[in-house]
Each structure stands twice: as structure tokens, then as C-alpha cells.
Amino acid sequence: IGDVFDVGGDYESRVDNSFHYKTPNFGGFSGGFSYSLGEDKSVTPAVSASSNVALNLSYANGPISVGFGHQTEKTQNRGAVVPPATQGPLLGTTSSNKYNFIGGGYDFGFAKLTAVFNTRKLNTNEDQEVAVGVQVPFGAVTLGAGYAQSQNEVGGVDGDKGTGFGLAATYDLSKRTTFYAGVKATKVENNNVDTNKSNLVAVGVRHRF
């Protein structure tokens, strides 16, 4: 789903100068908080350095797992002095990406279903993203399928729309070695006109040391 969610803007998955706290597990409930300090303080006194704040809450017990995450990325703008209207604030200001993510899954034994929903806001730019998936085990073989969609809006007007699906299969050769194969197809369109398409086929062996 990463290629689809990248249509608008995806989370910063790794940040520097950060600290993280994760709570103990209380009957299936847990949470975490992290904060990252930037090193790009502007010469403009009113403009703060970049920063990243994230928190999450989750519950996992038996076949049920659900979670919520929020992340705010504040970034100094270092682009053109007069950028296009859709690009955001002017040079010497700070923009703020805000994400809210909720997801969950249920393991029926014969199949496991998962679903996630994410929103991203940056000024008048907004993304709404959803993904669903299923995994079905057959002894040493596990089959999986997933679908994802992302819709970008600028000022309430539809922009890029990304969609994608994937199919995968794994076969446990041993307790530590797994054979896998999969296919993935994604596309991006704007006003019903395709602007980008990609197809990926993967085959390999994974060994856990």
C-alpha cells in the first residue's frame, strides 16, 4: 500500500534526534509517544525549528487487534520565495503535516481480515486513504490479498487518485525458511486520466537466523 499512500504524502518513518516511550501492556492495552527535535532553526525569530510528534494507542488480545496513531510533522519551508498556491506557505514559515491513522484486524482462524484508514492534512491539501486485506492459511501455505486507495484533495477539489492491489503466497519450507511470491499493480489518475502505472512481481526465499 505504500505506493498508493505516497500519492499525497506519507509518514516520516525515521526521524533523527528523537526519544520514544512505550507503556507496559495492561491487559492488551498499550501506547507510545515520541518527539523529535529539528536542527534547522531559522534566523527568523518567530519561526521554530522542524519537529515531529507522534503517539499511538493499541489493543491486542486474542483474535482482535485495533490501533490509533497521530503524527504531526512541522517543517521549515525552504523552497521558492513565491511558490505555487498549492505548494503551501512561503519561505521562512513553518508548515504542519497532520496524520490520523486507525486500523484493526480480526483472526477467524481460517482467515485473518485487516483494514486501515488514514487522513493527512497540510493547509488546504488533504488525503483520505483506506486499505483492506485478507490472509488465509492452508497448512504450510498462506495466501494473501490486499487493496488500497488514496484520494488527494486541494482546496476541496479532487486531485490525484491512487489505487492498487496485491496478491501474495508464502510456503514454509521449515520453521525458519519461507518461500514467497507476489504480484502488485498500482496506478495514479487525475480527472480519469492515468498519469502513472506500475507492476511488480517478486519471488524469493526468506531465512531467519
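Residues numbered from 1 in each chain as written. Predicted model: local features only at pLDDT ≥ 70, side-chain atom pairs only at ≥ 80, totals over all residues. Heavy atoms only, no water.

## Focus on the packing of aromatic side chains
Link 1 in the chain: Within the structure shown, the criterion is met by 4 aromatic pairs.
Link 2 in the chain: In this structure an aromatic cluster arises from ring pairing among Tyr106, Phe108 and Phe110. (Phe/Tyr/Trp six-rings, centres within 6.5 Å; stacked < 30°, edge-to-face > 60°.)

## Overview of the confidence of the model for the protein chain
Link 1 in the chain: Here the protein chain averages 85 in pLDDT, and 80% of its residues register 70 or above.
Link 2 in the chain: Ranking the elements of the protein chain by mean pLDDT puts helix 1 (residues 2-5) last with 59 and strand 10 (residues 177-190) first with 95.
Link 3 in the chain: Confidence drops under pLDDT 50 across residues 80-88; counting only partners more than four residues distant or on other chains, this segment forms 9 contacts. (pLDDT = per-residue confidence, 0-100. Helix = DSSP H or I, 4+ residues; strand = E, 2+ residues; numbered from the N terminus. Contact = heavy atoms within 4.5 Å.)

## Concerning the pairing of strand 4 (residues 64-76)
Residues in a regular strand point their side chains to alternate faces of the sheet.
Link 1 in the chain: Taken together, the 11 bridges between strand 3 (residues 51-61) and strand 4 define a ladder with antiparallel strand orientation. Of the residues in strand 4, the one forming a bridge with Tyr59 is Val66.
Link 2 in the chain: Between strand 3 and the antiparallel strand that follows it, strand 4, lie 2 residues; Gly62 among them carries a positive phi value of about 65°. (Pairing = 2+ DSSP bridges.)

## Observations concerning the side chain of Asn97
Link 1 in the chain: When you line up the elements, Asn97 lands in strand 5 (residues 94-107).
Link 2 in the chain: Of the polar contacts made by the side chain of Asn97, one reaches the side chain of Arg120; its length is 3.1 Å.
Link 3 in the chain: Once residues lying within four places of it in the same chain are set aside, the contact partners of Asn97 are Gln71, Thr72, Glu73, Arg120, Lys121 and Leu122. (Polar contact = N/O pair within 3.5 Å; in protein donor to acceptor, adjacent residues only side chain to side chain.)

## Some points on the pairing of strand 7 (residues 125-138)
Link 1 in the chain: As paired strands, strand 6 (residues 112-122) and strand 7 are joined by 11 bridges and run antiparallel to one another. By the bridge assignment, Leu122 is partnered in strand 7 with Asn125.
Link 2 in the chain: What sits between the antiparallel neighbours strand 6 and strand 7 is a turn of 2 residues, in which Asn123 has the positive phi angle 55°.
Link 3 in the chain: One ladder, built from 14 bridges, connects strand 7 with strand 8 (residues 141-154); its direction is antiparallel. Paired with Gln135 across the two strands is Gly144, which belongs to strand 8.
Link 4 in the chain: Counted between consecutive antiparallel strands, the loop separating strand 7 from strand 8 contains 2 residues, among which Gly139 sits at a positive phi close to 65°.

## Concerning unusual backbone geometry
Link 1 in the chain: One non-glycine residue with positive phi stands out, namely Asn191, at about 55°.
Link 2 in the chain: Although it is not a glycine, Asn192 adopts a positive phi angle of roughly 65°.
Link 3 in the chain: Inspection of the secondary structure puts Asn192 in the loop between strand 10 and strand 11 (193-207).
Link 4 in the chain: For Asn192, a relative accessible area of 74% corresponds to the exposed category. (Buried < 20%, exposed > 50% of the residue type's maximum accessible area, 1.4 Å probe, protein only.)

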